[in-house]
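Chain by chain, the residues run as shown.
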Amino acid sequence: AGATAPAVQQATQTAGLLGNVPAQSPPAAAVTAAEPVVSSRPSEVVLGELDTLVGLESVKREVRSLINMIEVGRRRQEAGLKAASVRRHLVFTGSPGTGKTTVARLYGEILASLGVLERGHLVEVSRVDLVGEHIGSTAIRTQEAFDRARGGVLFIDEAYALSPEDSGRDFGKEAIDTLVKLMEDHREAVVVIVAGYTAEMERFLAVNPGVASRFSRTITFGDYAPEELLRIVEQQGEEHEYHLGEGTGEALLKYFTALPKGPSFGNGRTARQTFEAMVERHAGRVAQLPDPSTDDLTLLYADDLPELP
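Residues numbered from 1 in each chain as written. Predicted model: local features only at pLDDT ≥ 70, side-chain atom pairs only at ≥ 80, totals over all residues. Heavy atoms only, no water.

**Overview of helix 8 (residues 198–206)**
- The complete set of buried residues in helix 8 reads M201, F204 and L205. Buried positions in helix 8, seen along its axis, are confined to an arc of 95 degrees and lie on one side of it. Along helix 8, exposed side chains directed more than 90 degrees from the buried face belong to A199, E202 and A206. (Buried < 20%, exposed > 50% of the residue type's maximum accessible area, 1.4 Å probe, protein only. Helix = DSSP H or I, 4+ residues; strand = E, 2+ residues; numbered from the N terminus. Arc of directions from axis to C-beta.)

Structure (structure tokens):
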């Protein structure tokens, strides 16, 4: 995130020190049509994982409401009743680092556990994966991405990049048109989630009437409050067996309150990078001690915080 301190950016490059907790699912290439990826966890277990995510209360309510509609519809069908048509495709809007990819992954797994999707895996793509350089190549790339996502979720990050304001002869429109047709021809095969900044996604939906009609609802991911960013740092500490020393929590709250919150603010990503920067500074401090105690090895203090930009 461009708003993070230089020390934070440096820590990101050396995050291997921590085995960096992934902020999102593996790349699309990691999932192929041949892999037997099938959710084995009950939906309530996956919803429980969703509930453990920091913040996102309105997002959690929206997802639960949608899942309830799908579940009741399934039970009505089993009882021989008509079920309300529920469009499963979604629009996720909000700033980077607010958990959109994580929620998309859990959503796919829940739908698989309910029998709505065959596998529930997540295939994440962006403009570079869909738009080719030559006439006709874009449709092929889009088809290939859609095929990789069969039985699961196709997550298109920064989807608005497919419809730039000054599009000219841009091939992004071909990707959108191909996607709309695939969604119509294979309604039950893939759930599509498009994601990006709020204003840009409104423009994306307006570019093609067929696009807006395919998506059931928009779920907005708000920026994290300083208290929520602190909780993410605490979770990272618990994961890696670090603890906050006396006064460190208060110092972190002041730090996150003072951080610039421009368009490039990283939200949860910034919190993770801050933790990594603190661990690096902690290591530089503790490495000088001849015989560090357990507290020395595990406690992070306010002095370990990176400088504000």
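From this point on, the discussion continues.
**Brief notes about the packing of helix 6 (residues 137–148) against helix 7 (residues 172–185)**
- Closest axis-to-axis distance for the helix 6/helix 7 pair is 9 Å, and the angle between their directions is 40 degrees. As far as their axial angle goes, helix 7 and helix 6 are oblique. As helix 6 packs across helix 7, the resulting crossing turns out to be right-handed. On helix 7, the residues that touch T138, A139, T142, Q143 and F146 of helix 6 are E174, A175, T178, L179, L182 and M183.
- Tallied by class, the residues present in the contact of helix 6 with helix 7 amount to six nonpolar, four polar and one charged. (Axes fitted to C-alpha atoms, helices over the stretch in contact; angles between N-to-C directions. Parallel < 35°, antiparallel > 145°, perpendicular 65-115°, else oblique. Left-handed = near helix turned anticlockwise from the far one by under 90°. Contact = heavy atoms within 4.5 Å. Nonpolar A, V, L, I, M, F, W, Y, C, P; charged D, E, K, R; others polar.)

**A word on the side chain of K60**
- If you trace the backbone, K60 turns up in helix 3 (residues 57–78).
- A distance of 3.1 Å separates a polar side-chain atom of K60 from the backbone oxygen of D51.
- Once you skip the residues sitting within four places of it in the chain, K60 turns out to touch L50, D51, L53 and G55. (Polar contact = N/O pair within 3.5 Å; in protein donor to acceptor, adjacent residues only side chain to side chain.)

**Notes on the packing of aromatic side chains**
- In total, this model carries four aromatic pairs according to the counting rule given.
- Here the aromatic rings of F92 and F221 are separated by 4.9 Å at their centres, their planes lie at 55 degrees, and the arrangement is tilted. In this pair, F92 is assigned in strand 1 (residues 90–94) and F221 in strand 5 (residues 217–221), connecting sequence segments 129 residues apart.
- For the pair Y242 and F275, a centre-to-centre distance of 5.9 Å together with 80 degrees between the ring planes defines the contact as edge-to-face. Of this pair, Y242 sits in the loop between helix 10 (226–240) and strand 6 (243–244) while F275 sits in helix 12 (residues 268–286), and the two are 33 residues apart along the sequence. Considered together, Y242 and F275 belong to a single accessibility category, that of buried residues. (Phe/Tyr/Trp six-rings, centres within 6.5 Å; stacked < 30°, edge-to-face > 60°.)

**What about the packing of helix 10 against helix 12?**
- Contact geometry for helix 10 and helix 12: axes closest at 9 Å, N-to-C directions at 50 degrees. When the axis of helix 10 is compared with that of helix 12, the two are oblique. Crossing hand, helix 10 versus helix 12: right-handed. Residues L229, I232, V233, Q236, G237 and H240 of helix 10 pack against G268, A271, R272 and F275 of helix 12.
- Here the residues of the contact of helix 10 with helix 12 sort into five nonpolar, four polar and one charged.

**Considering helix 4 (residues 100–113)**
- With 14 residues, helix 4 should cover 20 Å at 1.5 Å per step; its first-to-last C-alpha distance of 20 Å lies within 8% of that length.
- Most of helix 4 sits inside the fold, with twelve of its 14 residues counted as buried.
- Looking only at helix 4, the buried set comprises K100, T101, T102, V103, A104, L106, Y107, G108, E109, I110, L111 and A112. (Expected span 1.5 Å × (residues − 1).)

**Looking at the pattern of salt bridges**
- Tallying each qualifying case throughout the model produces 18 salt bridges.
- Of the charged contacts, one joins E109 and R41 as a salt bridge, the two residues approaching to 2.7 Å between their closest N and O atoms. Residue E109 is found in helix 4, and its partner R41 is found in the loop between helix 1 (6–13) and helix 2 (43–52); the two are separated by 68 residues along the sequence.
- Since its relative accessible area comes to 28%, R41 is described here as partly exposed. (Salt bridge = Lys/Arg side-chain N within 4 Å of Asp/Glu carboxyl O.)

**Some thoughts on the side chain of H121**
- Relative to the elements of secondary structure, H121 occurs in the loop between helix 4 and strand 2 (122–125).
- Here the side chain of H121 touches R148 through a polar contact of 2.7 Å, landing on its backbone oxygen.

**A closer look at the nonpolar core**
- With 46 residues, the main nonpolar core has F92, V103, Y107, I193 and F256 as its most contacted residues.
- For this core, the element with the highest residue contribution is helix 4, accounting for six residues.
- If we ignore the near neighbours within four places in the chain, the residues touching F92 are K100, V103, A104, F155, I193, V194, A195, G196, M201, I219 and F221.
- With 28 residues, the next largest nonpolar core counts V125, I156, V194 and V211 among its residues. (Core = buried A, V, L, I, M, F, W, Y, C linked by side-chain atoms within 4.5 Å.)

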